[in-house]
Amino acid sequence: QVHLVESGGGLVQAGGSLRLSCAASENIGSFNVMGWYRLAPGEQREQVAGIRVGGLTDYKDSVKGRFTASRDHDKNTVYLEMNNLKPDDTAVYYCYARRGKDNFWGQGTQVYVSS
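Note that the structure is predicted; figures quoted are calculated from it, not measured. (Residues numbered from 1 in each chain as written. Predicted model: local features only at pLDDT ≥ 70, side-chain atom pairs only at ≥ 80, totals over all residues. Heavy atoms only, no water.)

1. Details of the overall build of the protein chain
Link 1 in the chain: Scanning the protein chain from N- to C-terminus turns up zero helices and 11 strands.
Link 2 in the chain: Helices and strands in the protein chain line up, N terminus first, as β-β-β-β-β-β-β-β-β-β-β.
Link 3 in the chain: In terms of overall dimensions, the protein chain has C-alpha extents of about 40 × 25 × 25 Å along its principal axes.
Link 4 in the chain: With 115 residues in all, the protein chain has 42% of them scored as buried.
Link 5 in the chain: Counting only contacts in the protein chain whose residues sit at least 6 apart along the sequence, the fraction spanning at least 24 positions is 53%.
Link 6 in the chain: Summed over all atoms, the accessible surface of the protein chain reaches about 6,200 Å², with 45% contributed by carbon and sulfur. (Helix = DSSP H or I, 4+ residues; strand = E, 2+ residues; numbered from the N terminus. Buried < 20%, exposed > 50% of the residue type's maximum accessible area, 1.4 Å probe, protein only. Contact = heavy atoms within 4.5 Å. Areas by Shrake-Rupley, 256 points an atom, 1.4 Å probe, with all protein chains shown as cover.)

Next comes the structure, spelled out in structure tokens:
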């Protein structure tokens, strides 16, 4: 069973920054994709950022230029650097990993951006 543990969420003012971390219990090189989704109150879950084998990244349009996904193979950890945060970024952020047809999820970390 793969375990993903997020950390780094919290309360920040608009314009501020946070860095989310997702530590995996297995070698992150074994996953096809790792990344982040978020779920805001009253909204559907949406993909925020993904990082693929080879390092290719993709982002939701509204976070491009503000969020950066990265990974550290030595630490088996992926990160989401979030800058210039906006109140609309308030959500629970979930780390995910995909290996073949299997998807794995973390427990989520709350990000709250005040105006």
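Having put the structure on the table, let's press on.
2. Quick look at the pattern of salt bridges
Link 1 in the chain: Evaluation of the coordinates by the stated rule reveals seven salt bridges.
Link 2 in the chain: A salt bridge links K64 to D61; its shortest N-O distance comes to 3.0 Å.
Link 3 in the chain: Assessed through its relative accessible area of 48%, K64 is described here as partly exposed.
Link 4 in the chain: On the basis of relative accessibility, which here comes to 60%, the residue D61 falls in the exposed class. (Salt bridge = Lys/Arg side-chain N within 4 Å of Asp/Glu carboxyl O.)

3. A closer look at the sheet that holds strand 8 (residues 77-82)
Link 1 in the chain: Strand order in the open sheet formed by four strands is 1-3-8-7, with antiparallel pairing between adjacent strands. The strands lining the two open edges of the sheet, one partner per strand, are strand 1 (4-7) and strand 7 (67-72). Ignoring which end each strand starts from, the neighbouring axes of this sheet average 15° apart.
Link 2 in the chain: Sheet topology places strand 1 next to strand 3 (residues 18-24); four bridges connect them, and they run antiparallel. Bridge pairing in strand 3 places S7 opposite S21. (Pairing = 2+ DSSP bridges. Axes fitted to C-alpha atoms, helices over the stretch in contact; angles between N-to-C directions.)

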